[in-house]
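# Overview (structure and organization)
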Amino acid sequence: MVTYNQVTDVQILHERGNLLPADWQSRLPNNSSPFYSTMAFLVRKGNPKNIHTWDDLTRSDVKLVFPNPKTSGNGRYTYLGAWGAFNQEDGGNQDKTRAKMANLLKNVEVFDTGGRGATTTFVERGLGDVLISFESEVNNIRKQYGDDKYEVIVPPVDILAEFPVAWVDKNVEKNGTEKAAKDYLNYLWSPQAQQIITSFNYRVYDKNAMAAAKGQFPETKLFNVEDQFGGWPQVMSTHFSTGGELDKLLEQGHK
């Protein structure tokens, strides 16, 4: 079985190894994503820079830490969360969105390759005013390093980060584990499992589990990659390929 934070990571198992079918996402509910998250800002106690929205991250007095979108799914969601929020606010005006994105990227103090490195930079090296990561992750970081030292901010408009799961057909057939794999993955949608998953700061689709954990999850208006950007293949080509939007914005920031 596999669990990832991005659809493209599962899709590649079909495209490059034919290890599972093209329609793997339709085999389980919610696009094969039993739980989900969104992006959140970890700020130092008291929120000294008064950060509440994506727009606040474009101010010249704010320094950011998040992983490089070229190397990290976490970083890609951060980039897309900002882009989508700006674009909605700007009524689809791409030039205004690009200008805000250029300012946001200019404020990145360190571009680590992954989420773990970004956490070390922010928490242990003390760099930056805001660490951006999955809501689930920043809550775990705050718990690990001290509720008295950090606060978590979820912006009012944000991106739906799906965490897809799948059984790998070639492997389960070879190992005779198909029933066990399917039973386990289906169990993730059960009321009991959904309740457990919220205790790890992930949002779930079970309304009762979410109601019971209401205080954990601030309200936010979520958009998804498909509606805002046309889907992951388009996103990877337009934004994250060599010479794409990200490269152009970074180049603009260095001029």
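Here is a short report on the structure shown in this document. All values derive from a computational prediction rather than experimental measurement.

What follows is about the packing of aromatic side chains. Applying the stated criterion across every chain yields a total of 12 aromatic pairs. When the ring of Phe-134 is compared with that of Phe-163, the centres are 5.1 Å apart and the planes differ by 90°; the resulting orientation is edge-to-face. Taken together, the residues Phe-134 in strand β6 (residues 130-134) and Phe-163 in the loop between β9 (161-162) and β10 (165-166) connect sequence positions 29 residues apart. The buried category is assigned to Phe-134, whose relative accessible area is 7%. Aromatic side chains Phe-163 and Tyr-202 sit 5.6 Å apart centroid to centroid with 90° between the ring planes, which places their arrangement in the edge-to-face category. Of the two residues, Phe-163 sits in the loop between β9 and β10 while Tyr-202 sits in the loop between α9 (191-198) and β11 (203-204), which places them 39 residues apart along the sequence. The structure contains a cluster of three or more aromatic residues connected by ring pairs, namely Phe-35, Tyr-77, Phe-134, Phe-163, Tyr-202 and Trp-232. Above the face of the Phe-122 ring, Arg-44 is positioned so that its terminal group lies 4.0 Å from the ring centre.

With five of six residues buried, strand β3 (residues 39-44) is to be regarded as a mostly interior element. In this sheet, β6 lies alongside β3 in antiparallel orientation, the contact comprising five bridges. Pairing of Val-43 across the sheet is with Val-130, part of β6. Both β3 and strand β7 (residues 150-153) contribute to a ladder of four bridges, which runs antiparallel. Considered in β7, the bridge of Arg-44 is made with Tyr-150.

It is worth spelling out the side chain of Glu-245 at this point. In this fold, Glu-245 is placed in helix α13 (residues 245-253). On the accessibility criterion, Glu-245 (10% relative accessible area) is buried.

Right, let's talk about the packing of helix α3 (residues 73-89) against helix α4 (residues 94-106) for a bit. Two numbers describe how α3 lies on α4: the axes approach to 9 Å, and their chain directions differ by 140°. In terms of orientation, α3 and α4 fall into the oblique class. As for how α3 packs across α4, the hand of that crossing is right-handed. Here Tyr-79, Ala-82, Trp-83, Phe-86, Asn-87 and Glu-89 of α3 lie close against α4, whose contacting residues are Gln-94, Thr-97, Arg-98, Lys-100, Met-101, Leu-104 and Leu-105. Class assignment for the residues of the contact of α3 with α4 results in seven nonpolar, three polar and three charged.

A few words on the sheet that holds strand β2 (residues 35-37). Strand order in this open sheet of three strands is β9-β2-β11, and the pairing throughout is antiparallel. The sheet is open, and its two edges are formed by β9 and β11, each paired on a single side. Both β2 and β9 contribute to a ladder of two bridges, which runs antiparallel. Across the sheet, Tyr-36 pairs through a bridge with Glu-162, a residue of β9.

On to the side chain of Thr-198. Inspection of the secondary structure assignment puts Thr-198 in helix α9. The residues touching Thr-198, leaving out its near neighbours within four places in the chain, are Val-204, Ala-209, Ala-213, Gln-216 and Phe-217.

This part is about a nonpolar patch on the surface. A surface patch of nonpolar side chains, amounting to about 510 Å² of accessible area, comprises Met-1, Tyr-184, Tyr-187, Ile-196 and Phe-200. In this structure, Phe-200 sits in the loop between α9 and β11.

This next bit is on the pattern of salt bridges. Enumeration over the complete set of coordinates arrives at 14 salt bridges. Residues Glu-245 and Arg-98 are paired through a salt bridge, measuring 2.8 Å at the closest nitrogen-oxygen approach. Here the residue Glu-245 occupies a position in helix α13, and Arg-98 occupies one in helix α4, the gap between them amounting to 147 residues. Residues joined in a network through salt bridges with shared partners are Asp-55, Glu-89, Asp-90 and Lys-100.

The rules behind these values
- Residues numbered from 1 in each chain as written.
- Predicted model: local features only at pLDDT ≥ 70, side-chain atom pairs only at ≥ 80, totals over all residues.
- Heavy atoms only, no water.
- Phe/Tyr/Trp six-rings, centres within 6.5 Å; stacked < 30°, edge-to-face > 60°.
- Helix = DSSP H or I, 4+ residues; strand = E, 2+ residues; numbered from the N terminus.
- Buried < 20%, exposed > 50% of the residue type's maximum accessible area, 1.4 Å probe, protein only.
- Lys NZ or Arg CZ within 6 Å of the ring centre and 35° of its normal.
- Pairing = 2+ DSSP bridges.
- Axes fitted to C-alpha atoms, helices over the stretch in contact; angles between N-to-C directions.
- Parallel < 35°, antiparallel > 145°, perpendicular 65-115°, else oblique.
- Left-handed = near helix turned anticlockwise from the far one by under 90°.
- Contact = heavy atoms within 4.5 Å.
- Nonpolar A, V, L, I, M, F, W, Y, C, P; charged D, E, K, R; others polar.
- Patch = residues over 30% accessible without salt bridge, like charges linked within 9 Å, V, L, I, M, F, W, Y side chains within 5 Å.
- Areas by Shrake-Rupley, 256 points an atom, 1.4 Å probe, with all protein chains shown as cover.
- Salt bridge = Lys/Arg side-chain N within 4 Å of Asp/Glu carboxyl O.

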